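Below are the chains, spelled out letter by letter.
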Amino acid sequence: MFRTPDPHAPPMVASDFFLWRALPLAALAAAIAALVSLPAALAVFAIAAGLGALAARQLAAAARLAARQQLDQARQQDFAELAADWHWETDTGLHLQLSHARDDLSPSLRISAVRGRQLWRINGLLPVHGDWEECHRLIQARQALQLHLVLHLADGNVRHIELRGRPVLGHDGQFLGYRGTGRDESAFVQSTRALRELETRHREMVNHLREVIFRIDARGRFTYLNRAWEQMTGQPVAHAIGQRVLRWLSKDEARYLIARLEPLLDGRRESMTVEVRTHANSQSSRWLEIAVSARFDSAGGLESLAGSIEDITQRKQAESTLYDLNAELERRVKRRTAELEASNRELEAFSYSVSHDLRNPLRAIDGFSQIIIEDYGDRLDTMAHSHLGRIRGASQKLSHLIDDLLELGRLTRAPISRAEIDLSALARSIARELHVEEPERDVRLTIGLHLMARVDPMLARVLLEHLLRNAWNFTAGRTPAEIEFDARLRNREVVFHLRDNGAGFDMAHVAQLFRPFNRLHDQSDRNGTGIGLATAQRIVHRHGGRVWAEGTPGKGACFYFTLPDPAS
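Residues numbered from 1 in each chain as written. Predicted model: local features only at pLDDT ≥ 70, side-chain atom pairs only at ≥ 80, totals over all residues. Heavy atoms only, no water.

Caption draft 1: Layout of the overall build of the protein chain. A count of helices and strands for the protein chain gives 15 helices and 18 strands. Counting every position in the protein chain, which comprises 568 residues, the buried fraction comes to 32%. By sequence separation, contacts in the protein chain at least 24 residues apart represent 53% of the contacts at least 6 residues apart. A total accessible area of about 35,700 Å² is found for the protein chain, and carbon and sulfur atoms account for 55% of it. (Helix = DSSP H or I, 4+ residues; strand = E, 2+ residues; numbered from the N terminus. Buried < 20%, exposed > 50% of the residue type's maximum accessible area, 1.4 Å probe, protein only. Contact = heavy atoms within 4.5 Å. Areas by Shrake-Rupley, 256 points an atom, 1.4 Å probe, with all protein chains shown as cover.)

Caption draft 2: Geometry of the side chain of Asp500. Turning to its location among the elements, Asp500 is positioned in strand β16 (residues 493-500). Of the side chains with opposite charge, Arg478 comes closest to the buried, unpaired Asp500, at an N-O distance of 7.5 Å. Beyond its immediate stretch of four places on either side in the chain, Asp500 contacts Ala471, Thr475, Glu482, Ile483, Lys555, Gly556 and Ala557. (Lys, Arg positive; Asp, Glu negative; His and termini not counted. Salt bridge = Lys/Arg side-chain N within 4 Å of Asp/Glu carboxyl O.)

Caption draft 3: Region of the structure containing unusual backbone geometry. The linkage connecting Thr479 with the following residue, Pro480, adopts the cis geometry, with an omega of -5 degrees. In this fold, Pro480 is placed in the loop between α14 (457-474) and β15 (481-490). Non-glycine residue Leu94 carries a positive phi angle of around 65 degrees. If you trace the backbone, Leu94 turns up in the loop between β1 (86-90) and β2 (96-101). A positive phi angle, close to 65 degrees, is found at Arg492, a residue other than glycine. Looking at where Arg492 falls in the secondary structure, it is placed in the loop between β15 and β16. Looking at Arg492, the relative accessible area reads 85%, which means it is exposed.

Caption draft 4: Just the nonpolar core, in detail. If you look at the biggest cluster of nonpolar residues, it comprises 39 residues, and the most contacted ones within it are Leu423, Leu464, Leu467, Phe485, Phe496, Phe559 and Phe561. If you tally residues by element for this core, the top one is α14, at nine residues. Look past the residues within four positions of Leu467 in its chain and what remains in contact with it is Leu498, Leu533, Ala536, Phe559 and Phe561. (Core = buried A, V, L, I, M, F, W, Y, C linked by side-chain atoms within 4.5 Å.)

Caption draft 5: Focus on α14. End to end, α14 covers 26 Å across 18 residues, agreeing with the expected 26 Å (1.5 Å per residue, within 8%). When α14 is considered as a whole, its buried residues turn out to be Leu459, Ala460, Val462, Leu463, Leu464, His466, Leu467, Leu468, Asn470, Ala471, Trp472 and Phe474. In this structure Asp456 caps α14, since a side-chain oxygen of it lies 3.1 Å from the backbone nitrogen of Met458. (Expected span 1.5 Å × (residues − 1). Polar contact = N/O pair within 3.5 Å; in protein donor to acceptor, adjacent residues only side chain to side chain.)

Caption draft 6: Structural detail: the confidence of the model for the protein chain. Per-residue confidence for the protein chain gives a mean pLDDT of 82; residues scoring 70 or more make up 80%. Predicted confidence is poor over residues 1-10, with pLDDT under 50, and the contacts of this stretch with residues over four places away or in other chains come to 15 contacts. (pLDDT = per-residue confidence, 0-100.)

Caption draft 7: Inspection of the packing of aromatic side chains at higher detail. Per the counting criterion, the structure on display carries 10 aromatic pairs. Between Phe175 and Tyr178, the aromatic rings sit 5.8 Å apart at their centres with planes inclined by 70 degrees, giving edge-to-face as the arrangement. Just as Phe175 is buried, Tyr178 falls in that class too. Pairing Phe222 with Trp248 gives two aromatic rings, centres 6.0 Å apart and planes at 65 degrees, and the pair type is edge-to-face. Of this pair, Phe222 sits in strand β8 (residues 222-225) while Trp248 sits in the loop between α8 (237-240) and α9 (251-260), and the two are 26 residues apart along the sequence. Of the two residues, Phe222 and Trp248, neither departs from the other in class, the shared state being buried. Through a chain of ring-to-ring contacts, three or more aromatic side chains come together here, namely Phe222, Trp229 and Trp248. Positioned above the aromatic ring of Trp472 is the side chain of Arg441, whose terminal nitrogen or guanidinium carbon lies 4.8 Å from the ring centre. (Phe/Tyr/Trp six-rings, centres within 6.5 Å; stacked < 30°, edge-to-face > 60°. Lys NZ or Arg CZ within 6 Å of the ring centre and 35° of its normal.)

Caption draft 8: Just the sheet that holds strand β18 (residues 556-561), in detail. Pairing is mixed across the open sheet formed by five strands, whose spatial order is β13-β15-β16-β18-β17. Looking at which strands have only one partner, the edges of the open sheet turn out to be β13 (443-447) and β17 (547-552). In this sheet, adjacent strand axes meet at a mean angle of 15 degrees when their direction is disregarded. Sheet analysis places β17 next to β18, joined by six bridges and oriented antiparallel. Bridge assignment links Val547 to a residue of β18, and that residue is Phe561. (Pairing = 2+ DSSP bridges. Axes fitted to C-alpha atoms, helices over the stretch in contact; angles between N-to-C directions.)

Caption draft 9: Representation of the pairing of strand β10 (residues 286-296) within the structure. Strand direction decides the pairing type here: strand β9 (residues 271-278) and β10, joined by eight bridges, are antiparallel. Paired with Glu275 across the strands is Glu289, a residue of β10. With nine bridges joining them, β10 and strand β11 (residues 302-311) adopt antiparallel strand pairing. Paired with Ala294 across the two strands is Leu305, which belongs to β11. Between β10 and β11, which follow one another and run antiparallel, lie five residues, and Gly300 among them has a positive phi close to 90 degrees.

Caption draft 10: Looking closely at the pairing of strand β6 (residues 175-184). The pairing of β1 with β6 spans four bridges and is antiparallel. Bridged to Trp86 within β6 is Gly182. Here strand β5 (residues 158-169) pairs with β6 via nine bridges, running antiparallel. Its bridge partner being in β6, Val168 is matched across the sheet by Gly177. What sits between β5 and β6 in their antiparallel hairpin is a turn of five residues, with Gly173 showing a positive phi close to 80 degrees.

Here it is, written out as structure tokens:
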């Protein structure tokens, strides 16, 4: 900041001059009068004192005026320096005689560097457009200057300066030169450029969007549209700007759109999304999704609408296709359900036929074999008794097999009703029945406490009975036999297991374990029909669980299963 205060006080007026000259004369007159007469001396002294008081008041007023003028001058200097970064003045030949610049501009614009130079002769100072023609024209016409200049500093930086000046005229109107200021506008120019670059990038980004971006004034006319409008309508953006929006819609479409936008237009909602079906330009119908928000002025009046328009025709077509596919799928499901119900009815009829038509011959075979043994047993040799025993055993086994097949079919079709079941209590009940059937067996049965599950009560009993009987049968050769039923938490899932120390099996054939009629051991060694494990697997699968087994020949087997709760 450059400040040049005036070191000189304001000139003394004529009255002050004579007043201060009169004081010594009055004092001398009072001294002379004292020699002649005391009253005359006192009178003269009173006059001198009055003159002195008047002089003091005049001096104080002059001092106050000088201080006020100095303060005003400093204030004007501060205002001038705050308003401008460069002060300059030229002579009649437009040579610079005064130049004060801010510190960062001073190396190039200080008076020692530019004294005697004309503006267009200053090193590194050029107009933005490149020549001084406009400056010369204004100077020749003695008009005020307003130029935008670029100053290249010695350190390589560039400053943008707005130069202002006006001609200085004498009292007789004679031209004395130019006086003016310069303001560093570099920060403003840089921010303006950054803003323009940001606006350009934003415009490019918006123009590359597939959705139409729009802005509408309060009269319903387009004020902005991006390039996607041309792709959607086939018309230039320039033709649409200033046109009413409803021009591109039919009357019915326009009424529908206005009705849907009513909550937005009256201020009840700030934004909303509307789907509109159009038939523009006699083309096939298209679906448009319009997302729009409203802007209101301080008085609550609608100021503008802005938003986006997306062509969702393909999505609507896909939804329609999907709806048709779902309808067709639903029809197929109903048809297949009817066919399945018919098959189930046929299966029930077949089961009834098996249950009645096959049991009668089997009962006849078993009954007549028993009659022969009872009535003619003493006439038959040992071989005949053996054959009749085999016939009876085969007929009874076939009867059990029919029962198991009917049960397997029934379990496949029966509805599931879940309830909270204590599997531990259920397993103990089945174990007591097994001990009653073979009380001579030495079996150590371990059952975990409070093994709970949400399962169908009847199916749960069938599941545990098949698994426990399987373990019971295949531990017949062990003394003591060991059977364990418990559960563990694995990976946040309850896994039940039933482990035994029986005959076990080869893991190479584990895939055949749950297939009906597939047995991994000699049928003469064990009881059963080969359907129990298949039935257990069906029950677990119907509950949405998994079942698998691990075993080693001669070292026992372990069956695992899960019974997940649908509510989980």
